[in-house]
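Remarks on the overall topology
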Amino acid sequence: MSAQQDNMDAIISLAKRRGFIFQGSEIYGGLAGTWDYGPLGVMLKNNITNAWWRLFVDERTDMYGIDAAILMNPRAWVASGHVAGFSDPLVEDLKTKKRYRADHLLEEKGVDVKGMKVADMDAAIKEHKLLSPEGNPLGEVRQFNMMLQTQLGAIADASAITYLRPETAGGMFVNYKNVIDAFHPKLPFGLAQMGKAFRNEIAPRDFIFRVRELEQMEVEYFVEPTDWERAFEEWRKKMWEFIEAIGLPRGMVHELEVAKEDLAHYSKRTIDFEFDFPFGRKELYGLAYRTDFDLSAHARESGVDLSYFDEETKKRFVPHVIEPSLGIGRSLLAVLSSAYSEDDMGGEKRIVLRLKPSVAPIRCAVSPLLKNKPELVAKAKEVFALLKKEFGRVMYDDNGNIGKRYRRQDEIGTPHCIVIDFDSLGENPELLDTVTVRDRDTGEQERVHINELTAYLHARD
Ligand code: GAP
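What you see is a predicted model; the values in this text were computed from it and never measured.

Some words on helix α6 (residues 118-127)
- Within the span of α6, buried status applies to Met121, Asp122, Ala124 and Ile125. The buried residues of α6 occupy an angular sector of 165 degrees when the element is viewed end-on, so they sit on one face. Facing away from the buried side of α6, by more than 90 degrees, are the exposed residues Ala119, Lys126 and Glu127.
- In this structure, the buried residues of α6 make contact with β4 (87-92) and α5 (102-108).
- Of the residues flanking the end of α6, it is Lys129, one or two places downstream, whose phi is positive at about 50 degrees.

Pasting the structure below:
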């Protein structure tokens, strides 16, 4: 097994053991492509999504947040092109009838699949005499639609069929006119939304990297057609700001200009932001120039005019769209895998998540030196209450000895551990009301007065 795969297994094991992420429906043997977030996973996720909302919405004056329904009129997905064209190339094991992604099988054999159409993949599979992972012959490559269908209401006929949205984007295009009518924004302006999307991925894999129930953070930014290149660059920079905000090392993220023949049906230009995951360099985020494809398609299908009237120039036109699209799960996996490390501290091996303090699920942990000394416990509870009020993400930890507590907090990425000892109670009068603050990365401790604790921690956020 490769070192990278070992690393991935260690991250998955830590995520389960410490309550970040569990297999979906685990007690029933799981459900492929679904994962459940535990208490620490939810906290980490909230810190990531809050950072996105702050940067992409709150700090700007041209952004409007929305939260649209996951279920939409199916005509919206006909208009967007998803019903006809949202598909993956699929190939069947002729013996077991199991299905595989043809492009994945070819990539595993070292074939460059960029720009390949279904017929090319079919030919390449034959040329390389590829077999299924079970060693059986493969059938023909076919396109397979990834939309998850469901039925609404009591009558099970075709009119009841709808889809779970495959991207959050759709909810923004159908609300573009509502926001214009309610707020009268001038171009350029954008809508932002985060939430669940669903894709019937044939090969969910690599932990939370490729799942069937995913979460996205997306912006649809509406511009004058001639302004798209400027806006594209603006959002490209914003994406890098976000990458830094959540603590991903810049050197692990790489831009890839997507080749013309590989562009999604709605895009004229796309840059993928790829990340060095333990299982290889793979797509983290995408930035696309969607032109007027969506607004024009929805206007045609719905019969509603979705053009924009510019009061100054007295011109009417359909705005073009720039779309930064970010996966929440992939952000989390990138954060976890770049923060994970194993090192030696004080002659002892330890696992440590070197998370940025602003994304760490627990900002700090508070402990009494000994849990059977009521005076220490009372003071520790006081400090805990003070910090809990300020930061929320604070843990009271009095289990085991101090060394064990430090290791446990290192493993979940807690940047600072605060200990109340006898000096805090005035055993050394000069140190009355001071506590020790231990740094996760260096292991060094400083004495800080309780009155200065919140400022001390904020300065290191
Ligand atoms: N609205 C554009 C759009 O959905 P996409 O490239 O299909 O574009 C955008 O998806 C982002 O959503 C990806 O860059 C990735 O972060 C995330 N994503 C897509 N499919 C995913 C899956 N099956 N599992 C986890 N994340 C996924």
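Thoughts on unusual backbone geometry
- Put simply, Leu187 and Pro188 share a cis peptide bond, and its omega is -5 degrees.
- Considering the arrangement of structural elements, one finds Pro188 in the loop between α8 (176-183) and β9 (189-198).
- Positive phi, close to 50 degrees, is recorded for Lys129, a residue that is not glycine.
- Checked against the element boundaries, Lys129 lands in the loop between α6 and β6 (142-145).

Overview of the sheet that holds strand β3 (residues 63-65)
- Here we have seven strands laid out as an open sheet, ordered β3-β9-β10-β16-β13-β12-β11, and mixed in their pairing. A strand with exactly one partner marks an edge of an open sheet, and here the two such strands are β3 and β11 (253-257). Each adjacent strand pair in this sheet contributes to an overall mean axis angle of 25 degrees, direction not counted.
- Bridging between β9 and strand β10 (residues 213-223) involves ten bridges; their strand directions are antiparallel. The residue bridging Ala192 from the neighbouring strand is Val219, located in β10.

Reading the values: rules and limits
Residues numbered from 1 in each chain as written. Predicted model: local features only at pLDDT ≥ 70, side-chain atom pairs only at ≥ 80, totals over all residues. Heavy atoms only, no water. Buried < 20%, exposed > 50% of the residue type's maximum accessible area, 1.4 Å probe, protein only. Helix = DSSP H or I, 4+ residues; strand = E, 2+ residues; numbered from the N terminus. Arc of directions from axis to C-beta. Contact = heavy atoms within 4.5 Å. Pairing = 2+ DSSP bridges. Axes fitted to C-alpha atoms, helices over the stretch in contact; angles between N-to-C directions.

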